[in-house]
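What follows is each chain in one-letter form.
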2 protein chains.
Amino acid sequence: MPCSNRGRTGILACVGVLLASPLAAQPLLPWPASFQTNTGVTPIDTTFSIAVSGAGAGDSRVVESIARTFTRLARQTGLPLLPRTAQPERATLRIVVEQKDHRPPQKLGDDERYTLLIEAGRIRLSADHPLGVLRGLETFLQLVGPNPSAAGFAVPNVEIRDEPRFPWRGLSLDVSRHFIPVEGIQRTVDGMAAVKLNILHWHLSDDQGFRVESRRYPGLQREGADGQFYTQAEIRDVIAYALQRGVRIVPEFDMPGHSTSWLAGYPDLGSRPGPYQIVREYGDAYGAIDPTRESTYRFLDGFLGEMAKLFPDEYFHIGGDEVDAKQWTSQPRIRDYMKQHRMATAAELQAYFNQRVQKTLARYGKRMVGWDEILGPGLPKSVVVQSWRGQKSLADAARQGYSGILSAGYYLDLMRPAAEHYAVDPLKGETAGLSPEEQKRILGGEAAMWEELATAENLDAKLWPRLAAIAERFWSPESVSDPAGLYARLAAVGRWLEWLGLTQRFNLVLMRERLAGPIPMASLDQFASLLEPVKGYERHRNHYGAASPFNHLVDSIPPESDTARDFLSAVERYLASPDAAGAENLSRRFAAWEQNAAQLRPMLESNPLLAENAPLAAAVVTICRSAREALSYRAAAAPANWKMSTLAALTQAAAHQANMLVAIAPAVQKLVEAIP
Amino acid sequence: MPCSNRGRTGILACVGVLLASPLAAQPLLPWPASFQTNTGVTPIDTTFSIAVSGAGAGDSRVVESIARTFTRLARQTGLPLLPRTAQPERATLRIVVEQKDHRPPQKLGDDERYTLLIEAGRIRLSADHPLGVLRGLETFLQLVGPNPSAAGFAVPNVEIRDEPRFPWRGLSLDVSRHFIPVEGIQRTVDGMAAVKLNILHWHLSDDQGFRVESRRYPGLQREGADGQFYTQAEIRDVIAYALQRGVRIVPEFDMPGHSTSWLAGYPDLGSRPGPYQIVREYGDAYGAIDPTRESTYRFLDGFLGEMAKLFPDEYFHIGGDEVDAKQWTSQPRIRDYMKQHRMATAAELQAYFNQRVQKTLARYGKRMVGWDEILGPGLPKSVVVQSWRGQKSLADAARQGYSGILSAGYYLDLMRPAAEHYAVDPLKGETAGLSPEEQKRILGGEAAMWEELATAENLDAKLWPRLAAIAERFWSPESVSDPAGLYARLAAVGRWLEWLGLTQRFNLVLMRERLAGPIPMASLDQFASLLEPVKGYERHRNHYGAASPFNHLVDSIPPESDTARDFLSAVERYLASPDAAGAENLSRRFAAWEQNAAQLRPMLESNPLLAENAPLAAAVVTICRSAREALSYRAAAAPANWKMSTLAALTQAAAHQANMLVAIAPAVQKLVEAIP
């Protein structure tokens, strides 16, 4: 059954074929550029062996990724696999890596293409460069599943030719608002490499914390980190760890705004007179570096010189977002400076700062990256602009000749569904009108995870599996865009990622159990499966700070309710062709939810840690009752005003409580609205 | 509500009180020597601080355990806790450690007593020595739970004075039959320290693998390990890791039997002519070291000298079990030697070997430990005998003046229920008749985990929570022995151990999901919850080897079915006082099980990885049908022969399949037998 990747329909057919086979447990994500499946499978058993040849065979990335492949295959199958090499013609998996890659550090645009051919019991992976081997091995591992025709494991016979759509496929990860220990970073790199992301943009400083050891300016971590920072040895370990997995580390030190944590140890860098403390309550006044003093640039020269050595990547991110102009304009000394230098606005002063910093970075061999506010006069075209405010700034930058990466639309901290991020494309919207040459300047994109409301404990659940959807957007052809196909693969790939040690499911279980006390977990879990965290910046408006615990029910649920999404599909199917079986299917669901929520409510009320969620149980009861009534009124006419009063009750029940929403409400609203 | 620990009834009352409070989520295990609970709780919030004073305050074990306490408290509560010290009179937790302990290495009999007083918002932990602080901190952490009267966490106000019953409280862990990587050893040490075990007896060599790097004899790991061994650096790391947690590492190198893996690299050590290979199929002929050659003792002198330096503990285990006498008696050269030296039996030859080895070890400052076969003439009384064959050899050893530790009855690989191990007491049975002085020679005991049928993947599930029951036997007063109280606490402590990263629950989930394919997990899980692995050596009789995969359903279920134990209690309650509610409760359960098993059976049959389990689904259906009939015949008389034919069908259904038993069968048998 050839299943070639020609246009959208072809791809959907392929996904369908794959899902229909027992191998669907490990579908591919990101979907390859070209995919063809043939009949039969190639078994994976304890005789599994690998041979590697070609000029790049000795590259340490290749050697280490092969060693990891045995370990991961053993975990995925439970087979006692030990590293085993064989003659190329006898090996189960034969790898040919034609050329030795450029030496590390890995560079933007390094070749990541690979070909994976599986047939007649032989697997062949070819790549021109080591990175292609890494990417292809992930694809191979995703394909491993139960053998449909024998007690064992296998990969389907396929022909895959794959390459990325964009060279910059990143995650911007904030470790300032909440510190993420090294193991969390390593886990994240593991997951990123698994879905073929290639850049960890490490947001290492912000008002709330400075997270890197500086030997030159030790006051940065001493006064700016509450003891929570990475030593230089740890940084080097993470960089080496990421390099082995084909992931570049681009550091960000946010300046001149978002820099209060620098000023705690070095108040003379600040625009206002000190002393400063790191920001422990959100909403406190933030500091900004003083761009008018020469001493600032002497400090930055020393600091950037040190960090340029520590971080080998060619790119270096200086932040540059959200400078609080009042930090400058409120200071007569700075106002005088601006007047003297004919700078009318704070933006002009920041542009001056950017130019100075860019020159320093260039001297240390670095290309500067910044958030879209850095776009201003006088910057060389080598600078890369990361757009967070919208696609327009990305298009503007490209028109002006700058390279750009898109982050607007990819903010994972806003708790939006995967499909919403998936629909955002770096080359659609404002950028669609660019000339081909301008479009080439769009290097790709970055998901962004800001940690105001997330912690090391639930980081994985905030990232995964949604980050995989964004990874597919950056890697796969533009035409791969069906949300239903995405969700089917996302569920399986989410499970697959757990073999790497990611904790998105089990850590949330532990967090809910911590809250439950004597409440039966099955009951709490079913209730929680109907909820989602509030979206956007709604929750940020509450007052949070360094001492706020993120151990509430909202912190222990995934950003997106699979149950609600499933239910919505069932409602839509029913409304499209209403029949008794569909009605029965629906009513069985909300009868169970209603009964459970009604029983749970008094238990929540008597549990101090969960009492805040009792109104949500009441809302679930109301919503399910409305659904029940709506179904019954499809047969008999509804009483006058029923629809209006029910929709009003639904709106009230759907309002958020304890920072959560009842995620099944929109589907029920559809049911009610469909009543004549 | 004072709840003093005087005799068994008092303890049960205490456990009852604790379980009735919301703090029961973290009950104590092992139960302390003396426990009194007072009214009220002491909150744990973000102001939590620790002060430490006394001569032992600077001991690194104290310092590091305090740092870990903050991390663990943060995980258990989700509170953003950073290390915070305070003046002693203001600290939430004040630790006083009177004396500096003996310097490491920790020694047998080091003082582990502590007192933990919690009242009026203040926690005070006192100990004479650092080890007492470590033990007391574990007790404190077990007490942390939801605050019953406010949204937050707390510890109950209690007065605990605690000390161990036995100084030797160990786990013997085989890493030869299946290798356990360093992280698995560290996790195990974490769990052991949490339940106050203090010795990891590391079974480092056996016929199937030699697991330590020797620099003097590198052929040991090169030819004897298939690449799976610990480097000396790793060994040192593990020892340091364990030391910080108050756990001693006692190495075992099994000799002169169980030593085939030594002979792979050094065939001249063997009794038969070589070459030898490590044993890859169970049932192959095993080798034995030749005790008649002087070259053997020169080798051992070099090897033991090297290992004596690597492992700092005073005790050193030489195995000594199950020598295959034919390895010696089949060799004319060895028979001649025996004749010449007037040795009538292989046991006498082994006694000679033991004496030589003991002298070597003594020269390196070590006390020898061995399995009970080493008990023979000519050994100094400093030798410790570990009894695996039964309590009689322990009693014999004590009468002869040897110290002893009990392992018979504590073999976790035999898949027995926790209560069975719990009922075994080092000072009951044959040892009960010893004089007080002889009883003092019983140092304690060791659980044993042999890894023929276990792997790194399911190790935690094979150990936990059952190991905690044995830990209580070794630590708590003899009178703490109620199995119902044990199980209630075991469930909660099992969950508590997961905060340390133990994987006993979640790894089994992943293993079952790997098998399930399209089968709904809820259905497979419910079915699996009724099953248990076969007991004893039943499964060992199948042929297993290094290439056998342990990825079957039997490998992915816990040794003991909580569901079956629960059901048995319900049946017993019902039979003691039959009423309609009890009958309804029971029949609801087996109706659900029967329906699920019936639906699941064809799905199992069509899944190659699970097909072997289909007969078990059929057995579940039969067993549940018998239960249903039994209930119905309590009202109406059963047909003639019903009972006899049903019991016969039950016996057949209860027979093991795919290495598993239907664990609810015995309870149903009781139901059927109760029919007149």
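The preceding data block contains the structure.
Residues numbered from 1 in each chain as written. Chains lettered and ligands numbered in written order. Predicted model: local features only at pLDDT ≥ 70, side-chain atom pairs only at ≥ 80, totals over all residues. Heavy atoms only, no water.

Some thoughts on the environment of Ala-655 of chain B
Consideration 1: Tracing the backbone shows Ala-655 of chain B in the loop between helix H23 (642-654) and strand S18 (660-662).
Consideration 2: Placed 323 residues apart in sequence, Ala-655 of chain B and Pro-332 of chain B show a C-alpha to C-alpha distance of 47 Å. (Helix = DSSP H or I, 4+ residues; strand = E, 2+ residues; numbered from the N terminus.)

A closer look at the relation of the copies chain B and chain A
Consideration 1: You can overlay chain B on chain A at an RMSD of 0.0 Å; the transform is a turn of 180° with a shift of 0.0 Å along its axis. Interpreted geometrically, this transformation is the action of a two-fold axis. Measuring from the rotation axis to each C-alpha of chain B, the shortest distance belongs to Phe-506 of chain B, at 3.5 Å.
Consideration 2: Of the interface residues in chain B, 100% have counterparts in chain A that sit at the interface too, so the contact is made through matching surfaces. (Least-squares fit on C-alpha atoms with pLDDT ≥ 70 in both. Contact = heavy atoms within 4.5 Å.)

Some words on the interface of chain B and chain A
Consideration 1: Listed as interface residues are 39 residues of chain B and, on the opposing side, 39 residues of chain A.
Consideration 2: For the chain B face of the interface with chain A, the top three residues by lost area are Phe-506, Leu-510 and Arg-514 of chain B, together amounting to 19%.
Consideration 3: Counting across the interface, chain B meets chain A through 6 salt bridges.
Consideration 4: Arg-495 of chain B is the partner of Glu-513 of chain A in a salt bridge, and the nearest nitrogen-oxygen pair spans 3.8 Å. (Buried area = accessible area lost by both parts, 1.4 Å probe. Salt bridge = Lys/Arg side-chain N within 4 Å of Asp/Glu carboxyl O.)

Thoughts on the packing of aromatic side chains
Consideration 1: Here the structure, examined in full by the defined rule, presents 54 aromatic pairs over all chains.
Consideration 2: With centroids separated by 5.7 Å and ring planes inclined at 45°, the aromatic side chains of Trp-371 of chain B and Trp-450 of chain B adopt a geometry described as tilted. With Trp-371 of chain B in strand S13 (residues 367-371) and Trp-450 of chain B in the loop between strand S16 (442-449) and helix H15 (459-463), the pair connects residues that are 79 residues apart, well separated along the chain. An identical accessibility class is assigned to Trp-371 of chain B and Trp-450 of chain B; each is buried.
Consideration 3: In textbook terms, an aromatic cluster arises when at least three aromatic residues are bridged by ring pairs, as seen for Phe-210, Tyr-217, Phe-253, Trp-262, Tyr-266, Phe-299, Phe-303, Phe-311 and Phe-316 of chain B.
Consideration 4: A cation over an aromatic ring shows up here: Arg-473 of chain A above the ring of Tyr-422 of chain A, its NZ or CZ 4.5 Å from the ring centre. (Phe/Tyr/Trp six-rings, centres within 6.5 Å; stacked < 30°, edge-to-face > 60°. Buried < 20%, exposed > 50% of the residue type's maximum accessible area, 1.4 Å probe, protein only. Lys NZ or Arg CZ within 6 Å of the ring centre and 35° of its normal.)

Description of helix H23 (residues 642-654) of chain A
All names here are of chain A.
Consideration 1: End to end, H23 covers 18 Å across 13 residues, agreeing with the expected 18 Å (1.5 Å per residue, within 8%).
Consideration 2: Turning to H23, its buried residues number three or more, namely Trp-642, Thr-646, Leu-650 and Ala-653. Down the axis of H23, the sector holding all buried residues measures 65°, keeping them to one side. Exposed positions of H23 whose direction lies more than 90 degrees from the buried face are Met-644, Thr-651 and Gln-652. (Expected span 1.5 Å × (residues − 1). Arc of directions from axis to C-beta.)

Considerations on the packing of helix H20 (residues 562-576) of chain B against helix H21 (residues 580-605) of chain B
Residues and elements named next belong to chain B.
Consideration 1: Two numbers describe how H20 lies on H21: the axes approach to 9 Å, and their chain directions differ by 150°. Classified by chirality, the crossing of H21 by H20 is left-handed. Across the interface between the two elements, Thr-563, Asp-566, Phe-567, Ala-570, Val-571 and Tyr-574 of H20 pack against Gly-582, Ala-583, Leu-586, Arg-589, Phe-590 and Trp-593 of H21. (Axes fitted to C-alpha atoms, helices over the stretch in contact; angles between N-to-C directions. Left-handed = near helix turned anticlockwise from the far one by under 90°.)

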